[in-house]
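Structural features, examined
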Amino acid sequence: MDMLLADITAQLLPVMARVIATAIVVMGVSLLVQHAGPALGGIAAGLPIVMGPGFFFLLDQHPPGFLHDAAVATLMALTATLIFVATFILVANRMGAFAAVGCSILVWVVVAAATAALPLDLVVALPVYVAAAIVALRFCRHAAGDGPAPRGARRLLDLAIRGCLAGVLVASVTIVAALAGPIWAGLLMGFPIGMIAISLTVHQRYGPETARQTMLAAMGGMSSLAVFTTVMALAVTTMSPFQAWMLSLAASLLPPSGLAVRHLRRGRTTG
């Protein structure tokens, strides 16, 4: 009995550690989303706050070929996430928060199924993502507008729920990856759990317009995720998995940094 308990504990502790670590990261970023305003908050929402820890915990469990395929599959799923965000922007001012998010999730499922049917190849996944990003940004540009930074009482419970959901996803990815292979791992990694939590919370607390502005900025910020997965897919077959992960993480910070600097400069110019 003691050996069984020890074995269960040994298996549960790494999972719980992943949940807690990811929850802490997501809660920190969520505070920035809440208080920095729609533009900077949306850019921060596009950071690899779930994807980064998710791939980190896959490094020592799977070979480079698996990690490459999972990265490509995640990039394909990100195309569906772009359409999720675009759908939310278009319907958020016509529906309640839950209805808008629910509709967007249904669209994500349809698009993710379509992209999953494509060849698992970076030369396919990357152009599809870029084309979807260009079309989505131009189509949703009418919802642009920075607006004032949202204000309100801080709800630690909201942040804790968001963080725990993201942490559970990270732990689930590891388990599903071991059982079902890289394609399902990539699809689950690309599921917009962070976008769902942020869009739902901002819509409920600050209204549909602020939520639309935040998600429009997040659409541009998602370039960080695309860079992360692309670099991971390219680098993991030529260097150690940890080095590839570090390079991917560093590269993923470049697009949001550029967007944030551009926004701050524009704010100083107009101010």
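Residues numbered from 1 in each chain as written. Predicted model: local features only at pLDDT ≥ 70, side-chain atom pairs only at ≥ 80, totals over all residues. Heavy atoms only, no water.

A separate point is the overall build of the chain. For the chain, the count of helices and strands is 13 helices and zero strands. When the helices and strands of the chain are listed from N to C terminus, the series reads α-α-α-α-α-α-α-α-α-α-α-α-α. Here the chain holds 271 residues, and the buried ones make up 50% of them. Surface summary for the chain: the accessible area is close to 12,300 Å², and the carbon and sulfur share equals 72%. (Helix = DSSP H or I, 4+ residues; strand = E, 2+ residues; numbered from the N terminus. Buried < 20%, exposed > 50% of the residue type's maximum accessible area, 1.4 Å probe, protein only. Areas by Shrake-Rupley, 256 points an atom, 1.4 Å probe, with all protein chains shown as cover.)

Contact geometry for helix α4 (residues 64-91) and helix α6 (residues 122-139): axes closest at 9 Å, N-to-C directions at 10°. By the angle between their directions, the pair α4 and α6 is classed as roughly parallel. In contact with Val 72, Leu 75, Met 76, Leu 78, Thr 79, Leu 82, Ala 86 and Leu 90 of α4, α6 contributes Leu 122, Ala 125, Leu 126, Val 128, Tyr 129, Ala 132, Ala 133, Ala 136 and Phe 139. (Axes fitted to C-alpha atoms, helices over the stretch in contact; angles between N-to-C directions. Parallel < 35°, antiparallel > 145°, perpendicular 65-115°, else oblique. Contact = heavy atoms within 4.5 Å.)

A few words now on the pattern of salt bridges. Considering all chains together, one arrives at one salt bridge under this definition. Arg 212 is the salt-bridge partner of Glu 209, the closest N and O atoms lying 2.9 Å from each other. With Glu 209 and Arg 212 both in helix α10 (residues 208-221), this residue pair falls three residues apart, about one helical turn. For Glu 209, a relative accessible area of 38% translates into the label partly exposed. Classification of Arg 212 as buried rests on a relative accessible area of 7%. (Salt bridge = Lys/Arg side-chain N within 4 Å of Asp/Glu carboxyl O.)

With that out of the way, let us pick up the nonpolar core. Counting residues in each nonpolar core, the largest one holds 62 residues, and the members touching the most others are Phe 55, Val 85, Tyr 129, Met 215, Met 219, Met 222 and Met 232. Looking at which element gives the most residues to this core, the answer is α4, with 17 residues. Beyond its immediate chain neighbours, meaning those up to four positions away, Met 219 contacts Leu 82, Val 85, Ala 86, Ile 89, Ala 136, Leu 137 and Cys 140. (Core = buried A, V, L, I, M, F, W, Y, C linked by side-chain atoms within 4.5 Å.)

A word on the packing of aromatic side chains. Taken as a whole and assessed by the stated rule, the structure comprises five aromatic pairs. Pairing Phe 55 with Phe 228 gives two aromatic rings, centres 5.8 Å apart and planes at 55°, and the pair type is tilted. In this pair, Phe 55 is assigned in helix α3 (residues 51-56) and Phe 228 in helix α11 (residues 223-235), connecting sequence segments 173 residues apart. Taking 4.9 Å as the distance between ring centres and 90° as the angle between the ring planes, the aromatic pair formed by Trp 108 and Phe 191 counts as edge-to-face. Taken together, the positions of Trp 108 in helix α5 (residues 97-116) and Phe 191 in the loop between α8 (182-190) and α9 (193-206) put the pair 83 residues apart, joining distant regions of the chain. Among the aromatic residues, those joined into a ring-pair cluster are Phe 56, Phe 242 and Trp 245. (Phe/Tyr/Trp six-rings, centres within 6.5 Å; stacked < 30°, edge-to-face > 60°.)

This paragraph deals with α11. An α-helical segment advances 3.6 residues per turn. Residues three or four places apart therefore align on the same side. For α11, which comprises 13 residues, the first-to-last C-alpha distance of 18 Å matches the rise-based estimate of 18 Å (1.5 Å per residue) to within 8%. Within α11, burial applies to Ser 224, Leu 225, Ala 226, Phe 228, Thr 229, Thr 230, Val 231, Met 232, Ala 233 and Ala 235. (Expected span 1.5 Å × (residues − 1).)

Any two packed helices are characterised by the angle at which their axes cross and by the distance between the axes. Interhelical geometry of α10 versus α11 gives an angle of 25° and a closest axis separation of 5 Å. Taken as axis vectors, α10 and α11 run roughly parallel relative to one another. Judged by residue contacts, Met 219, Gly 220 and Gly 221 of α10 engage Ser 223, Ser 224 and Leu 225 from α11. Here the contact of α10 with α11 is composed, by residue class, of two nonpolar, four polar and no charged. (Nonpolar A, V, L, I, M, F, W, Y, C, P; charged D, E, K, R; others polar.)

Among the surface-exposed residues, Phe 56, Phe 242 and Met 246 lie close enough to one another that they form a single nonpolar patch of about 280 Å² accessible area. For Phe 242, the location among the structural elements is in helix α12 (residues 241-252). Note on Phe 242: relative accessible area 45%, which makes it partly exposed. (Patch = residues over 30% accessible without salt bridge, like charges linked within 9 Å, V, L, I, M, F, W, Y side chains within 5 Å.)

Attention shifts here to α12. Given a rise of 1.5 Å per residue, twelve residues ought to cover 16 Å, and the 16 Å separating the end C-alpha atoms of α12 matches this to within 8%. Residues of α12 that are buried: Ala 244, Trp 245, Ser 248, Ala 251 and Ser 252. With its buried residues spanning 135° around the axis, α12 presents them on a single face. (Arc of directions from axis to C-beta.)

Counting through the fold element by element, Val 91 comes out in helix α4. On the basis of relative accessible area, Val 91 is assigned to the buried category, the value being 15%.

Further remarks concern the confidence of the model for the chain. Here the chain averages 79 in pLDDT, and 71% of its residues register 70 or above. When pLDDT is averaged over each helix and strand of the chain, the minimum, 59, is found for helix α1 (residues 2-35) and the maximum, 95, for α11. Here residues 144-149 is a poorly scored stretch, pLDDT under 50, and it has 14 contacts once near neighbours within four places are set aside; other chains count. (pLDDT = per-residue confidence, 0-100.)

Turning next to the environment of Met 189. Mapped onto the elements of the fold, Met 189 is located in helix α8. Sequence-wise, Met 189 and Gly 54 are 135 residues apart; in three dimensions their C-alpha atoms are separated by 7.1 Å.

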